[in-house]
Amino acid sequence: MSNDLQNYIPLLMSFGLASLIATTLLITSRLLGPRIQTREKLMPYECGNDPVGNARDRFSVKFYLVCLLFILFDIEAIILIPWAVVYRALAEELGNKLFVYAEMMIFVATLFVGYIYVWKKGVFDWSK
Amino acid sequence: MTFQQLLFIGFAALVLGGGIAVVLLRNPLYGAFALITSFVGLSALYVMMGAQFIGAAQIVVYAGAIMMLFVFVIMLLNVRADEERPPRHRFLVWLAAPLALLLSAGLWLAVAGVQGDRAPSGEAGTVERVGKNLMTRYLLPFELTSVLILLAVVGALHLAKREKE
Amino acid sequence: MVPLSWYLILSAALFAIGAVGVFVKNNIISTLLCLELMLNAANLAFVAFSIFQGTIEGQLFVILVMAVAAAEAGVGLAIVIALFRNRETLDVDESSLLKL
């Protein structure tokens, strides 16, 4: 095994532990738990009331627009990480802290325009 | 065969299996989940190559954001599995498999003999290296990316929003 | 060590699968999923060349491709929603006319 891949052994162990716990919980509950099925028990759970209508109903398109905003900020977050990691070193190398700061702030400001636009268009107004 | 090559074959099988499942499964929701396994395999391959940042971004952006958008739209439109139906052009079905094989063979021949200039090192794709290049030499494409995403959000909002009646 | 050609063959196979999927799928959402597959095949080739040549440009391009893929998915799925609203179908063969 090459040297640099050895760093990922803890990650592998955490994956293994997570899947071990998940499978153990599923298998033990199946083996040990009593299974008495009644009609009420098999009903879909809806906060204690009797379920109304089909669960596979269509959603409002508003959820899609909120999803779109999530993508906006997701990409912003993943781009912010390398910037934050190199900020100090780059500011020293270029001798100009403000420039490195402004680079990212222009990026964030552009995306923020999109956020304000979506807000003004009434996506967050759930009553409409 | 070294351990790394075995690891590559395992992840490549995950990637290809996910990809084939996307094409074969009739329900788009299952296809989306198969695509997520394919992305996870790709992310592991990136990390194996030493491109740690791309591997992380693959999970966060592709498996996290883009696939979530797909699954959401599938739920939103309440898409069911495609029903079987008679193909309109029957001869095209028989043409498809040979052409697909031809495409694969052509691509294979094009890339099979390529040699790398140097051995990959673990430092090739660290977050520091990516960030430093992104913030200095390739600043303009980086800033323009934000404009692209802004345009996409504005356009998608107008397309998806229900017009007032 | 895994040679460069292995990564490229995997990328080529993934691209071929995606291309076949784009051609054979009827559901427009499945077509978009196969499109993502093709983009990822290109990404894999970019990263492989970038690593094996010791340059960084390929990886920066992949970041750009990811942003483009997000934009493409956002606008493409918005078009799908608008299409479904007007036609009540997701079949690409059913929506071959510009006007209803």
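Residues numbered from 1 in each chain as written. Chains lettered and ligands numbered in written order. Predicted model: local features only at pLDDT ≥ 70, side-chain atom pairs only at ≥ 80, totals over all residues.

### Regarding the packing of helix α1 (residues 3–24) of chain B against helix α2 (residues 28–53) of chain C
Here is step 1: Between α1 of chain B and α2 of chain C, the shortest axis-to-axis distance is 10 Å and the interhelical angle comes to 155°. By the angle between their directions, the pair α1 of chain B and α2 of chain C is classed as roughly antiparallel. By crossing handedness, the relation of α1 of chain B to α2 of chain C is classed as left-handed. Residues Gly 19, Val 22 and Val 23 of chain B of α1 of chain B lie in contact with α2 of chain C, whose contacting residues are Leu 33, Cys 34 and Leu 37 of chain C.
Here is step 2: Partitioned by chemical class, the residues of the contact of α1 of chain B with α2 of chain C number 5 nonpolar, 1 polar and no charged. (Axes fitted to C-alpha atoms, helices over the stretch in contact; angles between N-to-C directions. Helix = DSSP H or I, 4+ residues; strand = E, 2+ residues; numbered from the N terminus. Parallel < 35°, antiparallel > 145°, perpendicular 65-115°, else oblique. Left-handed = near helix turned anticlockwise from the far one by under 90°. Contact = placed C-beta atoms within 7 Å. Nonpolar A, V, L, I, M, F, W, Y, C, P; charged D, E, K, R; others polar.)

### A closer look at the nonpolar core
Here is step 1: Phe 70 and Val 73 of chain B together with Leu 44, Val 47, Ala 48, Ala 70 and Ile 81 of chain C are the most contacted members of the largest nonpolar core, which has 104 residues in total.
Here is step 2: Looking at this core, the element that brings in the most residues is α2 of chain C, giving 16 residues.
Here is step 3: Split by domain, the residues of this core number at least three in each of domain 1 (1–81) and domain 2 (126–165) of chain B.
Here is step 4: The contact partners of Ala 48 of chain C, leaving out residues within four places of it in the chain, are Met 49 of chain B together with Leu 4, Tyr 7, Leu 8 and Ser 11 of chain C. (Core = buried A, V, L, I, M, F, W, Y, C linked by C-beta atoms within 7 Å. Buried ≥ 20, exposed ≤ 12 C-beta atoms within 10 Å, placed from the backbone. Domains from an automatic or database assignment.)

### Brief notes about the interface of chain B and chain A
Here is step 1: With 39 residues of chain B at the contact, the number on the chain A side is 37 residues.
Here is step 2: Of all elements in the fold, only α1, α2 (28–49), α3 (52–77), α5 (127–135) and α6 (139–160) of chain B reach the threshold of two or more residues within the side of chain B that touches chain A.
Here is step 3: Among the elements that take part in the side of chain B that touches chain A, α3 of chain B stands out by supplying 13 residues, more than any other.
Here is step 4: Of the residues assigned to the side of chain B that touches chain A, the class counts are 28 nonpolar, 7 polar and 4 charged.

### Brief notes about the interface of chain B and chain C
When the parts come together, some accessible area is lost, and that loss is often what is quoted as the size of the interface.
Here is step 1: Taken together, the contact pairs 69 residues of chain B with 58 residues of chain C.
Here is step 2: At the level of secondary structure, the elements contributing two or more residues to the side of chain B that touches chain C comprise α1, α2, α3, α4 (90–111), α5 and α6 of chain B.
Here is step 3: Considering every element that reaches the side of chain B that touches chain C, the biggest residue donor is α3 of chain B, with 12 residues.
Here is step 4: For the side of chain B that touches chain C, the residue count by class is 51 nonpolar, 14 polar and 4 charged.

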